[in-house]
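# Close look at the chain arrangement
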Amino acid sequence: LLGAKAMQPITGTRPQMLTFALLCWSLFLLDRHLRRGGRAIWLLVPVFLLWANLHAGFAVGLGLLAVALGAGLLDALWRRQLDAVQRRRLLTAAMTLLLCAVVALINPNGIALYRYALLGSTPAAHRLIQEWQSPDFTTVAMAPLGLLIVATAVSMALNRHRLRPGQVILAVIGVAAALLAVRNIAIAVALMSPTLAELLPVRYRLPTARVALPMTALAVATALLVVSIVRLSQDAQDSALSKQFPACLVAGLQGTNRPVNLWLPYFQSGFAINQGWPQVHVYVYGNDAALGGGVVSDYVRIAAGVVDNPSALHLLDASHTDAVITSAGALASELRAARWAEVKEVNDEILFVAPSFQPSFSFECHSG
């Protein structure tokens, strides 16, 4: 529950959630194999075939499993349990991971997918996205992550006699990943939560009745599903969307008598595409693999309202941008100085249109 709460800022209907789920299952299969042996470890092969065709995070998962395998070897040496059985388990796991790396090549991009997964997005794209920044522990949203880290460290300190080197290695990697970027909190949860659960200095007993635990889990799952549906329906209402996104301004552009090329803040681009397409074409939607890193870099310069060459105004003109939605700041000042027309302001966001763009507008909302 603590891990789930720590992950809340980055969870949602997004592809990286598939990486988190498959990483957890993969770590479970590897750990189970090192403890018990068996053939279930070979399930990793179809898992990675699927994973490589769902999300580029498979490469991170493969690397973490390799580290976990090395940690398992270190644990066996630490406990002086590196007998023939354990060596066979370790060798089987290593062969499985090698085969996983090979089957991951079966994807539409072949080996190029590895290059993309390892190189990742451009630094310019990282500057745009809050998830790529380090966590701010002064905010309430990051408090569960801080508690998870502290609780894991305290549990390790109180159970030094049971602590394994592999647990320390994985926990350190998890903490380092989370401190590097908010997006990596899921990795930290996957690596730290099992150790915390194993070393937590609180003993508990699950219900022993055969039906009690499944029924309890079903009741909790049903309650969570109902709450999620209610929350989703509330968040999807027009009144809720209009507070988060420039719904009125995009609707006004959608009602014009000609196509519009729109620049607006990165985090609002998905909404604008969904509401305005095909009348409204959005400048950037964050996928630098499709757009190219140069487009994302130009977006950053426009957002900052830079005046040196290439200036924000030059980049807007070169991209044939007709309209801009932005709040007060350097970009808004530059647009006013260049005689872009202020059409409407709603909830502190202003719609500007280029001097050469003069369609008719119809708004059904009031200025905030």
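Everything numeric in this text was worked out from a predicted model, so none of it was measured.

## Some thoughts on the overall build of the protein
Counting its regular elements, the protein contains 18 helices and 5 strands. Seen through its principal axes, the protein has C-alpha atoms that stretch 80 × 45 × 35 Å. Within the protein, the proportion of its 368 residues that are buried is 40%. In the protein, once contacts between residues fewer than 6 apart in sequence are set aside, the share between residues at least 24 apart is 63%. Just so you have it, the protein exposes about 20600 Å², and 63% of that area is on carbon and sulfur atoms.

## Some details on the environment of Met95
In this structure, Met95 sits in helix 5 (residues 84-103). The spacing of Met95 and Ile129 is 34 residues in sequence and 37 Å in space, taken between C-alpha atoms.

## A few points about the packing of aromatic side chains
Across all of its chains, the model carries 5 aromatic pairs by this definition. With a centroid separation of 4.8 Å and 5° between ring planes, the pair formed by Phe245 and Phe271 is classed as stacked. Of this pair, Phe245 sits in the loop between helix 12 (238-244) and helix 13 (247-254) while Phe271 sits in helix 14 (residues 269-276), placing them 26 residues apart in sequence. Phe245 gets classed as buried once you look at its relative accessible area, which sits at 18%. Looking at Phe271, the relative accessible area reads 12%, which means it is buried. Ring centres of Trp263 and Tyr299 lie 5.0 Å apart, and the angle between their planes is 20°; on these two criteria the pair is classed as stacked. Highlighted residues: Trp263 in strand 1 (residues 260-263) and Tyr299 in helix 16 (residues 293-304), separated in sequence by 36 residues. Judged by its relative accessible area of 4%, Tyr299 is buried.

## A word on the packing of helix 9 (residues 165-180) against helix 10 (residues 185-199)
Between helix 9 and helix 10, the least distance of the axes is 8 Å, while the angle of their chain directions is 145°. Once helix 9 is placed against helix 10, the crossing between them reads as left-handed. Across from Gln167, Leu170, Ala171, Ile173, Gly174, Val175, Ala177 and Ala178 in helix 9, the residues of helix 10 making contact are Ile185, Ile187, Ala188, Leu191, Met192, Thr195, Glu198 and Leu199. Looking at the contact of helix 9 with helix 10 residue by residue, the class counts come to 12 nonpolar, 3 polar and 1 charged.

## Examining the nonpolar core
Membership of the largest hydrophobic core comes to 54 residues, with the highest contact counts inside it found for Leu30, Leu44, Phe48, Phe58 and Ile185. Every residue in contact with Ile185, bar those within four places of it in the chain, is listed here: Ala6, Met7, Ile10, Met142, Leu145 and Ala178. Formed by 33 residues, the second largest nonpolar core is a distinct cluster that contains Leu262, Val324, Val353 and Phe357.

## Brief notes about the confidence of the model for the protein
On average, the protein scores 88 in pLDDT, and the residues at 70 or more come to 90%. Helix 15 (residues 288-291) is the least confidently modelled element of the protein, averaging 62 in pLDDT, while helix 3 (residues 44-52) averages 97, the highest of any element.

## Brief notes about the sheet that holds strand 4 (residues 341-346)
The strand order across the open sheet formed by 5 strands is 2-1-3-5-4, and the pairing between neighbours is mixed. Two strands lie at the open edges of the sheet, namely strand 2 (280-282) and strand 4, each paired on one side alone. Strand-to-strand, the axes of this sheet are offset by a mean angle of 25°, without reference to chain direction. Both strand 4 and strand 5 (residues 349-353) contribute to a ladder of 5 bridges, which runs antiparallel.

## Side note on the pattern of salt bridges
On inspection of all chains with the given rule, the structure shows 6 salt bridges. The residue Arg164 makes a salt bridge to Asp75 at a minimum N-O spacing of 3.2 Å. Here Arg164 is found in the loop between helix 8 (143-158) and helix 9, whereas its partner Asp75 is found in helix 4 (residues 58-78), with 89 residues between them in sequence. Here Arg336 makes a salt bridge to Glu342, at a shortest N to O gap of 2.5 Å. Classification of Arg336 by relative accessible area gives partly exposed; the value is 38%. Residue Glu342 is classed as partly exposed on the basis of its relative accessible area of 43%. Among the charged side chains, a network of salt bridges with common partners joins Asp31, Arg35, Asp75, Arg164 and Glu198.

## Quick look at helix 10
An ideal rise of 1.5 Å per residue puts 21 Å on 15 residues; helix 10 measures up with 20 Å between its terminal C-alpha atoms. Among the residues of helix 10, Ile185, Ala186, Ile187, Ala188, Val189, Ala190, Leu191, Met192, Thr195, Leu196 and Leu199 are the ones counted as buried. Contacts from the buried residues of helix 10 go to helix 1 (2-7), helix 2 (16-36), helix 4, helix 8 and helix 9.

## Let's talk about helix 2
Along an α-helix, residues three or four positions apart point the same way, because every turn accommodates 3.6 residues. Relative to the 30 Å expected for 21 residues at 1.5 Å per residue, helix 2 spans 30 Å between its end C-alpha atoms, a close match to the ideal helical length. For helix 2, the complete set of buried residues consists of Gln16, Thr19, Phe20, Leu22, Leu23, Ser26, Leu27, Leu29, Leu30, His33 and Leu34. In this fold, the buried residues of helix 2 make contact with helix 1, helix 3, helix 4, helix 5 and helix 10. Directly beyond the C-terminal end of helix 2, a positive phi value near 80° is found at Gly37.

Cut-offs used in this document
Residues numbered from 1 in each chain as written. Predicted model: local features only at pLDDT ≥ 70, side-chain atom pairs only at ≥ 80, totals over all residues. Heavy atoms only, no water. Helix = DSSP H or I, 4+ residues; strand = E, 2+ residues; numbered from the N terminus. Buried < 20%, exposed > 50% of the residue type's maximum accessible area, 1.4 Å probe, protein only. Contact = heavy atoms within 4.5 Å. Areas by Shrake-Rupley, 256 points an atom, 1.4 Å probe, with all protein chains shown as cover. Phe/Tyr/Trp six-rings, centres within 6.5 Å; stacked < 30°, edge-to-face > 60°. Axes fitted to C-alpha atoms, helices over the stretch in contact; angles between N-to-C directions. Left-handed = near helix turned anticlockwise from the far one by under 90°. Nonpolar A, V, L, I, M, F, W, Y, C, P; charged D, E, K, R; others polar. Core = buried A, V, L, I, M, F, W, Y, C linked by side-chain atoms within 4.5 Å. pLDDT = per-residue confidence, 0-100. Pairing = 2+ DSSP bridges. Salt bridge = Lys/Arg side-chain N within 4 Å of Asp/Glu carboxyl O. Expected span 1.5 Å × (residues − 1).

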